[in-house]
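In case you want the letters, here they are:
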Amino acid sequence: QVQLVESGGGLVQPGGSLRLSCAASGNIISINAMGWYRQAPGKQRELVARFIDRTSTNYADSAKGRFTISRDNAKNTVYLQMNSLRPEDTAVYFCNADVLRTGSRWYTTYWGQGTQVTVSS
C-alpha cells in the first residue's frame, strides 16, 4: 500500500506564510506527477500547483507569484511554500501523487487526507 501524509497546515494571518509537506511511503518504485489541490467549504477541489512529471510544474493563476512547489525525489516528498497568504486561500489542502507500486505495471493516483489552512486575522 501507499500512503501520503501531509503536514504544515495551520492558522496564519493575512500576508503570512506556511510551508506544507507531503511524504509518500509504502511499496513505491517511482512517483511521476505529484502536487497540491485544495477544497474550500462549498466549493469543488481545485489545483493549486503540481509537478506534471519529475521536473515540470504548473500553477493555478491564484498561486502564481505567491506559492512555490518543490520536491525531493529521494525522500518521495513534495513541498508547497505559500507566501502572502490571503483569506481566500483558506481551504483543506490535499496532496496527490501518481505512484508506481511494487508489482504493478501502472501508475495509480493516490490522495492524502488533507491539512487545514486557515488565513484569518
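Preceding this paragraph is the structure being described.
Quick notes on the rules
- Residues numbered from 1 in each chain as written.
- Predicted model: local features only at pLDDT ≥ 70, side-chain atom pairs only at ≥ 80, totals over all residues.
- Heavy atoms only, no water.
- Helix = DSSP H or I, 4+ residues; strand = E, 2+ residues; numbered from the N terminus.
- Rg over C-alpha atoms; globule rule 2.2 N^0.38 Å.
- Contact = heavy atoms within 4.5 Å.
- Areas by Shrake-Rupley, 256 points an atom, 1.4 Å probe, with all protein chains shown as cover.
- Lys, Arg positive; Asp, Glu negative; His and termini not counted.
- Charge placed at Lys NZ, Arg CZ, Asp CG, Glu CD.
- Pairing = 2+ DSSP bridges.
- Axes fitted to C-alpha atoms, helices over the stretch in contact; angles between N-to-C directions.
- Buried < 20%, exposed > 50% of the residue type's maximum accessible area, 1.4 Å probe, protein only.
- Disulfide = S-S within 2.5 Å.

(A) Main features of the overall build of the protein chain. Broken down by element type, the protein chain carries 0 helices and 11 strands. Helices and strands in the protein chain line up, N terminus first, as β-β-β-β-β-β-β-β-β-β-β. Since a compact globule built from 121 residues should have a radius of gyration of about 14 Å, the 14 Å found for the protein chain is in line with a globular shape. Considering only contacts within the protein chain whose residues lie at least 6 apart along the sequence, 55% involve residues at least 24 apart. Of the accessible surface of the protein chain, which amounts to about 6,500 Å², a share of 45% is contributed by carbon and sulfur atoms. Counting 13 positive and 8 negative side-chain charges, the protein chain places the centres of these two groups 4 Å from one another.

(B) Spotlight on the sheet that holds strand β1 (residues 2-7). One open sheet holds the 4 strands; their spatial order is β1-β3-β8-β7, and the pairing between them is antiparallel. Looking at which strands have only one partner, the edges of the open sheet turn out to be β1 and β7 (67-72). In this sheet, adjacent strand axes meet at a mean angle of 15° when their direction is disregarded. Here strand β3 (residues 18-26) pairs with strand β8 (residues 77-82) via 6 bridges, running antiparallel.

(C) Structural detail: unusual backbone geometry. Backbone geometry places N76, a non-glycine residue, at a positive phi of 50°. Along the chain, the position of N76 falls in the loop between β7 and β8. N76 gets classed as partly exposed once you look at its relative accessible area, which sits at 22%.

(D) Structural detail: the state of the cysteines. Under the definition given, this model contains 1 disulfide. The disulfide partner of C22 is C95, and the S-S distance across this bridge is 2.0 Å. The S-S bond linking C22 to C95 shows a torsion near -80°; that makes this disulfide left-handed. Pair noted here: C22 is in strand β3 and C95 is in strand β9 (residues 91-101), with a separation of 73 residues, a long-range link. Given the relative accessible area of 0%, C95 is considered buried.

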